[in-house]
Amino acid sequence: MRVIMFGYQTWGHRTLQALLDSEHEVVMVVTHPKSDHAYEQMWDDSVADLARAHDVPVLLRQRPDDELADQVKQADADVIVATNWRTWLPPAIFNIPRHGTLNVHDSLLPKYAGFSPLIWALINGEPEVGVTAHLMDDTLDGGDIVLQRAVPVGPTDTTANLFHRTLALFGPITLDGLALIESGRTDWTKQDPSQGSFFHKRSIQDSLIDWTWPAEDLERLVRALADPYPNAFTHHRGERIRVIEAGVSRGYYGGTPGRVFIKEGDGIVIVAGSEARHGRSHGLVIKRVRTDDGTEYPATEYFHTMGGYLTNQP
């Protein structure tokens, strides 16, 4: 089939590579300009560079416009494939090709539509994550499901681990989805909006530790924001510290959330949880921290004395 690719960053790059290696003809690529947003500077393999290396015409757009719609029409494609396209595509574009638009999204839709689904899913303790290939409609990430594939989430996984596992699914699910579409299949799975969830773009505020969260949730937050992501952070005596490694305490600790309390094993327990005052909550055991100058410390060396609080402001 004649394919137009809308894609960005490494997700788009791997999908485009799979299309270029297939029997399909990529007639045009549309991608975003490079961004200074922290979450768009990682996993940033260039879709534009890959397309140009294969003599595929490239259009750079922050958002779709009337000129882009005209160029899509002129390309006379059978289908659009969209992967990590970061803004809404209007029906005036996604309905142009004969088979519409196949969007590939890194969650098990209808859950975790929107942005940063792997991070949110890990924070929330989901047992599995995955990739969905669906036909685009006028609801963001809401169209009929063509294919879904899942991978399990382990007890020590980070978002980086899950990124690499799900990334490996993007090329195969795209090609398999196109094969089903080309075969004439139309018996796709409708999404159930009552089971759905939609998440916003992440910002620095989303990495700030809230010590009223249960320790189990905070431990997952630390793993979800492990390198290369903007790490979970807090403040200690006026200095921002990033929490690089943490666990859930063996014991129960009572008091006020955020209190630097006691050494346990190879870390320092911080009182956590909105019910900590009852003394039946686990604490977060911080094991390693990193300061703003990039220096990393074992928590037992960084916290010289017990007492005081970790806070949301310097």
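Before reading further, recall that the structure is shown in the block above.
Thresholds, definitions, all that
Residues numbered from 1 in each chain as written. Predicted model: local features only at pLDDT ≥ 70, side-chain atom pairs only at ≥ 80, totals over all residues. Heavy atoms only, no water. Axes fitted to C-alpha atoms, helices over the stretch in contact; angles between N-to-C directions. Helix = DSSP H or I, 4+ residues; strand = E, 2+ residues; numbered from the N terminus. Parallel < 35°, antiparallel > 145°, perpendicular 65-115°, else oblique. Left-handed = near helix turned anticlockwise from the far one by under 90°. Contact = heavy atoms within 4.5 Å. Nonpolar A, V, L, I, M, F, W, Y, C, P; charged D, E, K, R; others polar. Core = buried A, V, L, I, M, F, W, Y, C linked by side-chain atoms within 4.5 Å. Buried < 20%, exposed > 50% of the residue type's maximum accessible area, 1.4 Å probe, protein only. Expected span 1.5 Å × (residues − 1).

K.L.:
Tell me about the packing of helix H1 (residues 9–20) against helix H6 (residues 159–182), and name the residues and values.
P.N.:
At a closest axis distance of 9 Å, the pairing of H1 and H6 adopts a crossing angle of 40 degrees. Comparing their axes, H6 and H1 come out oblique. Crossing hand, H1 versus H6: right-handed. Residues Thr 10, Trp 11, Arg 14, Thr 15, Ala 18 and Leu 19 of H1 touch H6, and the partners they reach there are Phe 163, Leu 167, Phe 170, Gly 171, Thr 174, Leu 175 and Leu 178. For the contact of H1 with H6, a count of residues per class yields eight nonpolar, four polar and one charged.

K.L.:
Can you lay out the nonpolar core for me, pointing to particular residues and giving the numbers?
P.N.:
In terms of nonpolar packing, the biggest core is built from 69 residues, with Trp 211 and Ile 286 touching the most fellow members. With nine residues, the single largest contributor to this core is H6. In this structure, Val 27, Leu 68, Ala 82 and Trp 85 belong to the second largest nonpolar core, which totals 18 residues.

K.L.:
So what about H1? Which residues, and what values?
P.N.:
Under the 1.5 Å per step criterion, the end-to-end length of H1 is 16 Å for twelve residues, consistent within 8% with the ideal 16 Å. Most of H1 sits inside the fold, with nine of its twelve residues counted as buried. What H1 keeps buried is the set Gln 9, Thr 10, Trp 11, Gly 12, His 13, Thr 15, Leu 16, Ala 18 and Leu 19. Where H1 is buried, its residues meet strand S1 (2–7), strand S2 (25–31), helix H2 (47–53), strand S4 (79–83) and H6.

Any functional reading would require information beyond the geometric quantities listed.
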